[in-house]
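Okay, here's what each chain looks like letter by letter:
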Amino acid sequence: MSDMKNTAAQPLLQVKHLRKQYKQKENIVQAVDDVDICLQAGEILGVVGESGCGKSTLARCIIRLIGADEGEILWQGSDITRYSEKQMRSLRPQIQMIFQNPFASFNPRFSLGHALEQVGKFYGLKPEEYEAKLTELLAYCEIDKELLQRRPSQLSGGMRQRVALVRTLALKPELLLLDEPYSALDYQTRLTVADEIWRILRASSKTAILVTHD
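Reference entry: report on the structure contained in this document. Since this is a predicted model, take the numbers as computed values, not measurements.

### A short note on the environment of D79
- Here D79 shows up in strand 5 (residues 78–79).
- Classification of D79 as partly exposed rests on a relative accessible area of 31%.
- Residues D79 and V35, spaced 44 residues apart in sequence, show a C-alpha to C-alpha distance of 16 Å.
- Apart from the residues lying within four places of it in its own chain, the contact partners of D79 are E72, I73 and L74.
- Reaching out from D79, the side chain makes a polar contact with the side chain of T81 at a distance of 2.4 Å.

Take a look at the structure:
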């Protein structure tokens with residue numbers, strides 16, 4: 001019984017004394033300075049601060065898009081700070097990120113449907129299960145399947161961000177990192193997409209880190 005209790009109490013994500021700095025000519029910019037995070041499954045954490053204070057750098061360090069200079073990142077108790085790219089590839093479906101600019105999230109040469117299809121192939125997901133999950137999410141986000149035949153430039157920013165959300169959630173991640181997901185949208189669209197994201201988070205009890213200056 002004691003082993004089961006310890007497993008249940010173990011945080012999904014722990015960040016310990018994380019640091020990241022950048023060199024700019026003669027200066028050193030401390031983007032992330034001794035940050036600690038302890039996140040249990042089902043919790044939502046807001047990281048709020050002014051532009052340029054290191055919020056996005058923190059999120060990118062957690063998902064290992066960039067390497068931290070110091071500290072540890074523990075995922076379900078395992079230190080992933082120095083995982084190889086091969087190790088991270090098997091982990092990435094569990095930790096997914098939605099970026100600030102929905103247009104930059106897609107290859108402009110291909111349709112949005114192609115982009116969704118390639119994600120499933122890249123991670124070796126069973127086509128039937130992946131297609132069923134996509135269909136469910138598209139309906140939930142009120143996205144007409146016909147829109148997936150279009151290229152990113154042919155849709156509004158809000159619709160592109162919805163498709164980006166569907167692509168991310170189709171992998172069934174355990175942790176969502178949301179990096180200013182509304183800031184590239186106009187005010188009214190921002191409210192709609194924000195409601196959609198929070199509705200999904202609540203309905204699925206997702207664990208999430210929301211980075212925002214607003």
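### Quick word on the side chain of T207
- By the secondary structure assignment, T207 is in strand 8 (residues 207–212).
- Residues in contact with T207, not counting those within four places in the same chain, are L12, L39, Q40, A41, G42, E43, E174, L175 and L176.

### Concerning the packing of helix 6 (residues 157–169) against helix 7 (residues 187–204)
- Relative to each other, helix 6 and helix 7 sit at 15 degrees, their axes nearing to 10 Å. For the element pair helix 6 / helix 7, the angle class is roughly parallel. Handedness of the helix 6/helix 7 crossing: right-handed. Residues G158, Q161, R162, L165 and L169 of helix 6 form the contact with helix 7, whose participating residues are T189, T192, V193, E196, I197 and I200.
- Class assignment of the residues belonging to the contact of helix 6 with helix 7 gives a composition of five nonpolar, four polar and two charged.

### What about the nonpolar core?
- Within the largest apolar cluster, 34 residues are counted, with the highest numbers of intra-cluster contacts made by I143, V163, L165, V166, L178 and I197.
- Within the residue set of this core, elements represented by two or more residues are helix 4 (112–122), helix 5 (127–140), helix 6, strand 7 (175–179), helix 7 and strand 8.
- For this core, the leading source of residues is helix 6, giving six residues.
- The contact partners of V163, leaving out residues within four places of it in the chain, are F106, L112, L116, I143 and L148.
- If you look at the next biggest cluster of nonpolar residues, it comprises 25 residues, including L18, L58, I80 and I95.

### Overview of the sheet that holds strand 7
- Strand order in this open sheet of four strands is 3-8-7-6, and the pairing throughout is parallel. Both edges of this open sheet fall to strand 3 (44–48) and strand 6 (95–98), since each of them pairs with a single strand only. Each neighbouring strand pair of the sheet contributes to a mean axis angle of 15 degrees, computed without reference to strand direction.
- Sheet topology note: the strand 7/strand 8 ladder contains five bridges and is parallel. Residue pairing for strand 8: L177 is matched across the bridge by I209.

### Details of the layout of surface pockets
- Estimates place the volume of the largest pocket at around 490 Å³.
- Looking at the largest pocket, it is lined by 20 residues, and the ones nearest its centre are Q96, F99, V119, Y123 and R167.
- Looking at the lining of the largest pocket, the elements that each hand over two or more residues are strand 6, helix 4 and helix 6.
- Top contributing element to the lining of the largest pocket by residue count: helix 4, with four residues.
- Each residue belonging to the lining of the largest pocket can be placed in one class, and the counts come to 13 nonpolar, five polar and two charged.
- In this model, the second largest pocket occupies a volume close to 230 Å³.
- Contributing to the lining of the second largest pocket are 14 residues, with L116, E117, Y130, E131 and L134 lying nearest its centre.
- Taken together, the residues of the lining of the second largest pocket break down into seven nonpolar, two polar and five charged.

### Brief notes about unusual backbone geometry
- The phi angle at R64 is positive, at roughly 70 degrees, despite the residue not being glycine.
- Take R64: it is sitting in the loop between helix 2 (55–62) and strand 4 (70–75).
- Exposure remark for R64: the relative accessible area of 18% places this residue in the buried category.
- You will see that K172, though not glycine, has its phi angle at about 55 degrees, which is positive.
- The topology assignment puts K172 in the loop between helix 6 and strand 7.

Analysis parameters
Residues numbered from 1 in each chain as written. Predicted model: local features only at pLDDT ≥ 70, side-chain atom pairs only at ≥ 80, totals over all residues. Heavy atoms only, no water. Helix = DSSP H or I, 4+ residues; strand = E, 2+ residues; numbered from the N terminus. Buried < 20%, exposed > 50% of the residue type's maximum accessible area, 1.4 Å probe, protein only. Contact = heavy atoms within 4.5 Å. Polar contact = N/O pair within 3.5 Å; in protein donor to acceptor, adjacent residues only side chain to side chain. Axes fitted to C-alpha atoms, helices over the stretch in contact; angles between N-to-C directions. Parallel < 35°, antiparallel > 145°, perpendicular 65-115°, else oblique. Left-handed = near helix turned anticlockwise from the far one by under 90°. Nonpolar A, V, L, I, M, F, W, Y, C, P; charged D, E, K, R; others polar. Core = buried A, V, L, I, M, F, W, Y, C linked by side-chain atoms within 4.5 Å. Pairing = 2+ DSSP bridges. 1 Å grid on protein atoms, 1.4 Å probe; cavity = no way out; pocket = protein on both sides within 12 Å on 5 of 7 lines; lining within 4 Å. Points joined across faces, edges and corners; volume = space filled by probe spheres on them.

Purely spatial values, then, with no claim about function.
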